[in-house]
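Read off the chains here:
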Amino acid sequence: MECVIGVVGRDFAVVAADTSAVQSILVHKTDEDKVMVLDSHKLMGASGEPGDRVQFTEFIQKNLHLYQFRNNIPLSTAATANFTRGELATALRKNPYSVNILLAGFDSDVGASMYYIDYIATFHKIEKGAFGYGSYFCLSLMDKLYRPDMSVEEAVDLVDKCIKEIQLRLVVAPQNFIVKIVDKDGAREYAKRAYTGDTPSEAATVTA
């Protein structure tokens, strides 16, 4: 019952994901971070089989670090998305990864951007998106409420509305979510959300 949500605003991008580690009918932990900080200005929100998700996101992160170490320059968000898509496409014909990705980043020349990459290497640049069962409720909300010029507060409020809708309508909904942001100041954790019943409570907030 994983949920990953992404929104691009005026000069930033927000990625949120649930923090549940679930197998069958068991919840093993509720503090699993599914939004990886790839480098100083990139975030990767991922859902899928736990082993594939952890292994593949770490593989991408370490390759980005290796590229920067060898060339003394980081990959752009678009180049990172294309590299990620290429690795998924190659694996698809050998030993496929069951992982879906929202990749967000900030580049000084183009600003904030986000890319949708699914487990069969479908690749598309987007302004808003979601993966998992929660996407059935989030995408319609985003269609109605999203604006390209949203502020950080408005974007996080939209994410909160999506999470609340998931809590109200998804039969087995995750309780906790993590929200991260990337902008000109870098990629970082913005807040954690804990939801009980109909009322959201803010577990922690971190601001730059």
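To be clear, the structure that these remarks concern was listed above.
Here the structure is a predicted model, which means the values were calculated and not measured.

*Asks:* What am I meant to see in the overall build of the chain here?
*Replies:* The secondary structure content of the chain amounts to four helices and 13 strands. On C-alpha atoms alone, the chain measures out to a radius of gyration of 16 Å, which is about the 17 Å that the 2.2 N^0.38 rule sets for 208 residues. Seen through its principal axes, the chain has C-alpha atoms that stretch 50 × 40 × 30 Å. Classification of the 208 residues of the chain by burial places 50% in the buried group. Sequence separation of 24 or more characterises 56% of the internal contacts of the chain that already satisfy a separation of 6 or more.

*Asks:* How do you make sense of the sheet that holds strand β9 (residues 123-126) when you look at a structure like this?
*Replies:* By way of backbone hydrogen bonds, the strands of a sheet pair with one another, either parallel or antiparallel. Spatial ordering of the open sheet is given by β5-β6-β7-β8-β9, a layout of five strands whose pairing is antiparallel. What marks the edges here is a single partner per strand, and that holds for β5 (35-39) and β9. Across this sheet, the average inter-strand angle for adjacent strands is 25°, counted without regard to direction. Inspection of the sheet shows β5 paired to strand β6 (residues 42-48) by four bridges, in the antiparallel sense. Of the residues in β6, the one forming a bridge with Val35 is Gly45. Most of the contacts of helix α1 (residues 50-71) go to β5, to which it runs at about 15°, and overall it touches β5, β6 and β7 (99-107). Where helix α2 (residues 77-92) meets the sheet, its contacts fall on β5, β6, β7, β8 (111-117) and β9, and the angle it forms with β7 comes to roughly 160°.

*Asks:* Is there a simple way to think about unusual backbone geometry in this case?
*Replies:* Glycine aside, the phi torsion of most residues is negative, and most peptide linkages are trans. With phi around 60°, Asn72 is a residue other than glycine that occupies positive phi space. For Asn72, the position within the fold is in the loop between α1 and α2. With a phi angle near 70°, Ala121 is a residue other than glycine that sits in the positive phi range. Relative to the assigned elements, Ala121 resides in the loop between β8 and β9.

*Asks:* Even after reading the chapter, I still don't get the side chain of Asp107, so can you show me in this structure?
*Replies:* Note on placement: Asp107 falls in strand β7. At 2.9 Å, the side chain of Asp107 forms a polar contact with the side chain of Thr77. Leave out the neighbours within four places in its chain, and Asp107 touches Ser76, Thr77 and Ser113.

*Asks:* Which parts of the structure should I look at to understand the nonpolar core?
*Replies:* Within soluble globular proteins, side chains that are nonpolar generally end up buried alongside one another. Ranked by size, the top nonpolar core spans 45 residues in total, and within it Ile5, Val159 and Ile166 carry the most contacts. Element by element, the count of residues in this core is highest for helix α4 (residues 152-169), at eight residues. Excluding its chain neighbours within four sequence positions, the residues that come into contact with Ile166 are Cys3, Ile5, Gly134, Phe137, Cys138, Ala173 and Pro174. Counting 19 residues, the second largest nonpolar core, distinct from the first, contains Leu38, Ile60, Leu88 and Ala89.

Definitions and cut-offs
- Residues numbered from 1 in each chain as written.
- Predicted model: local features only at pLDDT ≥ 70, side-chain atom pairs only at ≥ 80, totals over all residues.
- Heavy atoms only, no water.
- Helix = DSSP H or I, 4+ residues; strand = E, 2+ residues; numbered from the N terminus.
- Rg over C-alpha atoms; globule rule 2.2 N^0.38 Å.
- Buried < 20%, exposed > 50% of the residue type's maximum accessible area, 1.4 Å probe, protein only.
- Contact = heavy atoms within 4.5 Å.
- Pairing = 2+ DSSP bridges.
- Axes fitted to C-alpha atoms, helices over the stretch in contact; angles between N-to-C directions.
- Polar contact = N/O pair within 3.5 Å; in protein donor to acceptor, adjacent residues only side chain to side chain.
- Core = buried A, V, L, I, M, F, W, Y, C linked by side-chain atoms within 4.5 Å.

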